[in-house]
2 protein chains.
Amino acid sequence: MDIVVIGGSASGLKAACRISRLQPDAKVRVLVKDKYFATSNCGFPFFLSGDVDSFDRLIDTPNGTVKDEKYFRDVKGVEVLIKHEVVSIDRAARLVRCKVDGGTREATFPYDKLVIATGSIPVAPAIPGVDSNGVLTFSRAEDVIQLRKELETNKIEKVIIVGGGFIGLELCDAFHSMWGVDVDLVDLQNHLLSNIVDIEIAKLIEAELIKQGIRIQLECGCREIIEESNRICIFDNEGDMIQADRVILTSGVTPNSGLARLAGLDTGVTGGIKVNEKLQTSDPDIYACGDCVELTSAIDGEAGTWPMGSLASRMGRVVGDNICNGDSKFGPVVGTNVIKVFDLTVGSAGYNSAYFEEQGYETEVCWGTFHDRLHYYPDATPINMKVIYERSNNRVLGFQAITRGELVPVLTEAAQIIRNGGTLDDFADIEHAYAPPYALPFDPLHYMSFIAENSRTARIKLVSPADFDELPNDTTILDVRIPSEIKTKPLNVGEKTKIEIPVEDLRKRLDEINCDGMIVTVCQTGGRAWDAALMLRRTRSCNIGILAGGALFLP
Amino acid sequence: MDIVVIGGSASGLKAACRISRLQPDAKVRVLVKDKYFATSNCGFPFFLSGDVDSFDRLIDTPNGTVKDEKYFRDVKGVEVLIKHEVVSIDRAARLVRCKVDGGTREATFPYDKLVIATGSIPVAPAIPGVDSNGVLTFSRAEDVIQLRKELETNKIEKVIIVGGGFIGLELCDAFHSMWGVDVDLVDLQNHLLSNIVDIEIAKLIEAELIKQGIRIQLECGCREIIEESNRICIFDNEGDMIQADRVILTSGVTPNSGLARLAGLDTGVTGGIKVNEKLQTSDPDIYACGDCVELTSAIDGEAGTWPMGSLASRMGRVVGDNICNGDSKFGPVVGTNVIKVFDLTVGSAGYNSAYFEEQGYETEVCWGTFHDRLHYYPDATPINMKVIYERSNNRVLGFQAITRGELVPVLTEAAQIIRNGGTLDDFADIEHAYAPPYALPFDPLHYMSFIAENSRTARIKLVSPADFDELPNDTTILDVRIPSEIKTKPLNVGEKTKIEIPVEDLRKRLDEINCDGMIVTVCQTGGRAWDAALMLRRTRSCNIGILAGGALFLP
């Protein structure tokens, strides 16, 4: 049996190794376009930053063995052929045709089963000058190695990063923290990470970036790039110019499905290769896996692409199983993200509010701030969280969170529940692992479901952290914190009335609060503000709200 | 409406506050036996250790407000009465009777609804001298405060801890790390944490304790305790004596259900108060929550007690809801544990192998060792894991893990799947949050399901880390690691033959391996051992196994 895999990253190699394990007699070939393969591309930013010493670490096993052709042949029984760029698939003859060594010669390989794992390609804005020297997409190993060399030899003083998504944010950290490079980050949208989080979370990221010394320009389009005496100049849509030594384009990626399309395989609305749940393409002898594939959302059944190393690896294994007559399935996906930006960890699962608004969903939202371990245990750190759920049935649709502490436990819990179509009741029903060094007696997701439930029954409005600055001027802000807390995180209320009464004293001092417009209570994380709002609710008929998530949810 | 809550810890207070929120006009009284209430008892070991500065921290809110009677009255609308020991419940008259201030006076309180949240009481071995001065159970706040004072003033040089469960292990750390106290830990069983983990995990804990300087005596019963010139002497079942300044009994707890039993309420086989899923006792006007309650296992439906702060808190809220005409349920439990022992984090969900053997379950087991983040990212640390699953249907029954890194994400994932009756397929189907600083492209639980699947199809035996030393002498150990790895973790194989061939060279050197008995391949974590075993399997007919979880799973 001849197996050909096109592509030498996570997904393709996983498929190849799996097949070789299950069918040791199969001839398994992996065709790799360039020189580099088996690299952990998600590690590029951490190699650039210096967190990872040498580029070889991105290719090696935990014991330091570099995964080269010899390794795959001797240990995995897989033949890897580098510099073999596949130019066409002849489905009738069951052959793939390659240009070898940059076109110096050609080669063809027969297949019984073919795996397409061609990954994704960067989307570069179609503007003049985008191909200038010094303008890079941060997708090729060679570029990353070159950049690191230039950083080590102090050749780069300033960069412009175009696109505030995952990679863009990781690169702000990578260029700035270790190497002290001056960074301008520009993004077309009105907030960072706009595909996965909403503005109130993004504001906290922005505040961190600014604190670290990154300059951010939002709603900023690039009109033109020019190269001028070794500097790259970007002109934004206002005509203003920013200069730098390098420009890194991180405006996202698109499925690399050209070869599949050329071969007549079905592709979908996203441009990704269409596959069934066994990851078979429209040709049953051809499978596809990784970033080149179009997947289905577990939330709304819509087609999408989720170019993530975790999904790609798992798809590779499923393809391997199925080619060897297994019956493995790759289900719909939620989109579970985690990213480190300086000292922050930001995570999400499911879509953000912007998406559901566009789609016309009737959603409710709640926010909360809770510590990642018991407040008295050293290093306890607040997590800011947002939950989006469906109004009619409480199904959880999205989760976003940000912290300087531990985020992953709560994120994985949320992702699993969203994936299973779970509701707020499932949040409330989690059995979590508790001990003071690791968690609170209640899980943060318990609290989030409680907040949602309380807010719907108590006639108290949750004011989004994003809207706090926009409250009308006749709003009274009632700050129920103690003076030492107020000092660490003072509120800027503009023209609005502000009253400070610690919640402990509020019952006796309720008369001090006038009630012309709305009253919004504020505490550090939201709990005491709720207690205060309940006290007011019993005696007042005006609109009452709380700053959801508390002062610690404000940038 | 008169509400009376008996007990001032997590569960009772949560119920009280919830009722006061939902029905602000109700009169809610909490009767507390002693002086202390609202303390985080799970924090006692961390106060003792010095990680937590002052005892008040265990009672305060994150902003430092101590939760005293005034706090509950003014903020929560709940009346707390300390030194009110309830001596009987008159169900006909709907009254509870108290001894106040140690019996100097009496008081009765009427109730419309009653909540019993009396917690648990320590089990002390019934041996002579167990009541001696200096023998403590580490359950009373007064004792903990006194111990800390004695540590601060260097009054304690040596302690004996009787019982290697959660609290016992946390106390080894607490006494030894900060205060340098000499610790003897004795336990009746053949391994530590015997209720929740199996011996191969326990051995790793033991190795850490020994490294830290703790003396451990297993299978060691206490026959008698005597007090002699300010020293406490324990005589074990062999008649040998150990001396210390203090003896701490941490042999577990039992539901404090005497009052409920006296009132004629149903209790179960465990001694806990019987409740329905609304946490109502056999008297519909009386609810019970927290450690005094008997719960049901989500795994086998058996009755059990799970004295855990997390479950207690959640039960309190459910009781509060239901007393206010809500419809909240408290489902069956899995038993999800996490504990910090020196630098180790140990966790489990579900029962251990010992339990299933006793119950006659047909189970399969697998072990694995995987890093908590990408191996090239700083601080990447292996996690040792064990999964127990049902042979007939692959349902996951138990999960155990230990690491010096991050454990909680994988533990919460496993606990949720076990709780939902999930199988290994559900492990394989997790969508986890991946980025190099936080995770691997595959989740550790993906890998665990792959190991289970592989081991059942490949005619290769998984050798338990617990059995590695017990392999017959005609076993050949094939170590496929590279020399630098072997140096960091050499194998002790006794009389057995040991051959060292790195997996990269094995294909060519297969002939060097003789095959009289079984061949067991070994690498650092298990993956290469598997590759090696597969190479052997193709050419050999003898028994082939791998050291499951690799050398890093050995103590």
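Residues numbered from 1 in each chain as written. Chains lettered and ligands numbered in written order. Predicted model: local features only at pLDDT ≥ 70, side-chain atom pairs only at ≥ 80, totals over all residues.

Caption draft 1: Geometry of helix α5 (residues 166-177) of chain B. Residue and element names in this part refer to chain B. Between the first and last C-alpha of α5 there are 17 Å, a value that for twelve residues agrees with the 16 Å anticipated at 1.5 Å per step. Within α5, ten of the twelve residues are buried, which leaves it mostly tucked inside the rest of the structure. Every buried residue of α5 is listed here: F166, I167, G168, L169, E170, L171, C172, D173, A174 and F175. The secondary structure elements touched by the buried residues of α5 are α2 (44-49), β10 (158-162), β11 (182-186), α6 (199-212), β16 (246-249) and β21 (336-341). (Helix = DSSP H or I, 4+ residues; strand = E, 2+ residues; numbered from the N terminus. Expected span 1.5 Å × (residues − 1). Buried ≥ 20, exposed ≤ 12 C-beta atoms within 10 Å, placed from the backbone. Contact = placed C-beta atoms within 7 Å.)

Caption draft 2: Molecular detail of the environment of V52 of chain A. With respect to the secondary-structure elements, V52 of chain A resides in the loop between α2 (44-49) and α3 (69-76). The exposure class assigned to V52 of chain A is buried, which follows from the 22 C-beta atoms found within 10 Å. Contact partners of V52 of chain A, with chain neighbours within four places excluded, come to G43, F46, F47, R57 and L58 of chain A together with Y376 of chain B.

Caption draft 3: Molecular detail of the domain arrangement of chain A. Along its sequence, chain A is organised into domain 1 (2-120 + 254-323), domain 2 (135-251), domain 3 (343-457) and domain 4 (461-553). A C-alpha centroid distance of 35 Å is found between domain 1 of chain A and domain 3 of chain A. (Domains from an automatic or database assignment.)

Caption draft 4: Geometry of the environment of V75 of chain B. Tracing the backbone through its elements, the reader meets V75 of chain B in helix α3 (residues 69-76). With near-sequence residues (within four places) excluded, V75 of chain B lies in contact with V503, E504 and D531 of chain A.

Caption draft 5: Inspection of helix α1 (residues 10-22) of chain A at higher detail. All names here are of chain A. Taking 1.5 Å as the rise per residue, α1 with 13 residues should run 18 Å; its terminal C-alpha atoms sit 18 Å apart, in good agreement. Burial within α1 is extensive, with eleven of its 13 residues counted as buried. Residues A10, S11, G12, L13, K14, A15, A16, C17, R18, I19 and S20 constitute the buried set of α1. At its buried positions, α1 is contacted by β1 (2-6), β2 (27-31), α3, β7 (113-116) and α8 (309-323).

Caption draft 6: Broad picture of the pairing of strand β10 (residues 158-162) of chain A. All names here are of chain A. The buried count for β10 comes to four of five residues, which makes it a mostly enclosed element. Sheet topology note: the β10/strand β11 (residues 182-186) ladder contains five bridges and is parallel. Counterpart to V159 in the pairing with β11 is V183. Two strands pair when backbone bridges link them, and β10 and strand β16 (residues 246-249) are joined in this way by four bridges, in the parallel orientation. Opposite I160, over in β16, you have V247 as the bridge partner. (Pairing = 2+ DSSP bridges.)

Caption draft 7: Expanded view of the relation of the copies chain A and chain B. Take chain A, turn it by 180°, move it 0.0 Å along the axis, and it overlays chain B with an RMSD of 0.0 Å. On the angle and the small slide along the axis, the relation comes out as a two-fold axis. The C-alpha atom lying nearest the rotation axis in chain A is that of P409 of chain A; the distance is 2.0 Å. Counting the interface residues of chain A, we find that 100% of their copies in chain B are interface residues as well, pointing to one common contact surface. (Least-squares fit on C-alpha atoms with pLDDT ≥ 70 in both.)

Caption draft 8: Here's a closer look at the packing of α1 of chain A against α8 of chain A. Residue and element names in this part refer to chain A. As a packed pair, α1 and α8 sit with axes 7 Å apart at the nearest point and diverge in direction by 30°. Here α1 is positioned roughly parallel relative to α8, judged by the angle of their axes. Handedness of the crossing formed by α1 with α8: right-handed. Residues A10, S11, G12, L13, K14, A15, R18, I19 and L22 of α1 form the contact with α8, whose participating residues are G309, A312, S313, M315, G316, R317, V319, G320, D321 and I323. (Axes fitted to C-alpha atoms, helices over the stretch in contact; angles between N-to-C directions. Parallel < 35°, antiparallel > 145°, perpendicular 65-115°, else oblique. Left-handed = near helix turned anticlockwise from the far one by under 90°.)

Caption draft 9: Summary view of the interface of chain A and chain B. If you look at the interface, chain A gives 69 residues, while chain B gives 69 residues. Looking at the side of chain A that touches chain B, the elements with two or more residues in it are α1, α3, α8, β21 (336-341), α10 (408-419), α14 (503-509) and α15 (527-539) of chain A. Class assignment of the residues belonging to the side of chain A that touches chain B gives a composition of 35 nonpolar, 18 polar and 16 charged. (Nonpolar A, V, L, I, M, F, W, Y, C, P; charged D, E, K, R; others polar.)

Caption draft 10: Main features of the sheet that holds strand β7 (residues 113-116) of chain B. Residue and element names in this part refer to chain B. Strand order across the open sheet formed by five strands is β3-β2-β1-β7-β18, with parallel pairing between neighbours. Looking along the sheet, the strands with just one partner apiece sit at the ends: β3 (79-81) and β18 (286-288). Neighbouring strand axes in the sheet, compared pairwise and without regard to direction, differ in orientation by 20° on average. Of the strand pairs in this sheet, strand β2 (residues 27-31) and β3 are connected by three bridges, and their pairing is parallel. Across the sheet, the residue bridging to L31 is L81, located in β3.

Caption draft 11: Here's a closer look at the sheet that holds strand β15 (residues 241-244) of chain B. Residue and element names in this part refer to chain B. Read across the open sheet, the three strands follow the order β13-β14-β15; overall the sheet is antiparallel. Taken across any chain shown, the strands that pair with only one partner, and hence form the sheet edges, are β13 (222-228) and β15. Shown here is a sheet whose adjacent strand axes are inclined to one another by a mean of 20°, direction ignored. Pairing between β13 and strand β14 (residues 231-236): six bridges, direction antiparallel. If you follow C222 over to β14, its bridge partner there is D236.

Caption draft 12: Local environment of the pairing of β16 of chain B. Residues and elements named next belong to chain B. The alternating pattern of β16 places R246 and I248 and V247 and L249 on opposite faces, both of which are buried. In the sheet, strand β9 (residues 135-136) pairs with β16 via two bridges, with the strands oriented parallel. For L136, the partnering residue across the bridge sits in β16 and is I248.

Caption draft 13: Representation of unusual backbone geometry in the model. Positive phi, close to 55°, is recorded for D101 of chain A, a residue that is not glycine. Relative to the helices and strands, D101 of chain A resides in the loop between β5 (95-100) and β6 (105-110). When the 12 C-beta atoms within 10 Å are taken as the criterion, D101 of chain A is described as exposed. Residues other than glycine seldom take positive phi values, yet F342 of chain B does so here, at roughly 50°.

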